[in-house]
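Secondary and tertiary structure notes
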Amino acid sequence: QVQLVESGGGLVQAGGSLRVSCAASGRTFSTYTMGWFRQAPGKEREFVAGITRSGGITDYADSVKGRFTISRDNAKNTVYLQMNSLKPEDTAVYYCAADKSGFLRRDIRSYDYWGQGTQVTVSS
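Reference entry: report on the structure contained in this document. Since we're looking at a predicted model, the values are computed, not measured. (Residues numbered from 1 in each chain as written. Predicted model: local features only at pLDDT ≥ 70, side-chain atom pairs only at ≥ 80, totals over all residues. Heavy atoms only, no water.)

With respect to the nonpolar core
Among soluble globular proteins, nonpolar side chains are generally buried collectively. Core analysis: the biggest nonpolar cluster contains 35 residues, and L4, M34, W36, V79, L81, M83 and Y94 have the highest contact counts within it. By residue number, the principal contributor to this core is strand β9 (residues 92–99), which donates five residues. With sequence-adjacent residues up to four places away left out, V79 is seen in contact with V20, S21, C22, F29, M34, W36, I51, I70, S71, R72 and C96. (Core = buried A, V, L, I, M, F, W, Y, C linked by side-chain atoms within 4.5 Å. Buried < 20%, exposed > 50% of the residue type's maximum accessible area, 1.4 Å probe, protein only. Helix = DSSP H or I, 4+ residues; strand = E, 2+ residues; numbered from the N terminus. Contact = heavy atoms within 4.5 Å.)

Spelled out as structure tokens, the structure:
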């Protein structure tokens with residue numbers, strides 16, 4: 001089992017940047033595919049970005065492609081989401097999640113472990 005703790009959320013103006021982090025407990029972090037999801041008020045949780053075990057393959061939702069970058073440091077048991085050119089519609093609670101299957105998938109049901117989330121608010 002792995003425990004995930006997000007950090008780095010906050011308030012930023014439109015056009016600004018923010019990096020959120022997700023620290024994982026345990027020695028098996030490198031065996032998990034990692035994903036970032038977000039949930040805005042009144043909306044369903046949606047896939048944002050994912051990264052394979054080694055970090056060699058990434059995937060992004062169309063809405064963030066070219067603006068967000070997912071990365072991981074297996075030595076630090078941490079996955080990051082660098083968010084640039086932020087828009088008010090990026091406002092949401094951001095969650096990291098771990099998929100023990102190792103496959104890179106967008107389906108929320110594929111992920112086995114979740115963090116508690118961190119709030120990102122983008123003002124116009």
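Observations concerning the state of the cysteines
Under the counting rule described, the total for this entry stands at one disulfide. Residue pairing for C22: its cysteine sulfur links by disulfide to C96, the two sulfurs lying 1.9 Å apart. Taking the torsion about the S-S bond as the criterion, the C22 to C96 disulfide, at about 45°, is right-handed. Taken together, the residues span a long stretch of sequence, with C22 in strand β3 (residues 18–24) and C96 in strand β9 at a distance of 74 residues. Grouping residues by exposure puts C22 and C96 together as buried. (Disulfide = S-S within 2.5 Å.)

Here's the deal with the environment of V5
Structurally, V5 can be placed in strand β1 (residues 4–7). Placed 83 residues apart in sequence, V5 and P88 show a C-alpha to C-alpha distance of 24 Å. Excluding residues within four positions of it along the chain, V5 makes contact with S21, C22, A23 and Q116.

Quick look at the pattern of salt bridges
Any two side chains of opposite charge can pair, given that their charged atoms come close. What the rule picks out here adds up to seven salt bridges. Across the pair R105 and D99 runs a salt bridge, and its minimum N-O distance is 3.2 Å. For R105, a relative accessible area of 31% corresponds to the partly exposed category. Accessibility expressed as a relative area gives 0% for D99, which makes it buried. Where D107 meets R109, a salt bridge forms, and the shortest distance between an N and an O atom there is 2.8 Å. Residue D107 is classed as partly exposed on the basis of its relative accessible area, which comes to 29%. (Salt bridge = Lys/Arg side-chain N within 4 Å of Asp/Glu carboxyl O.)

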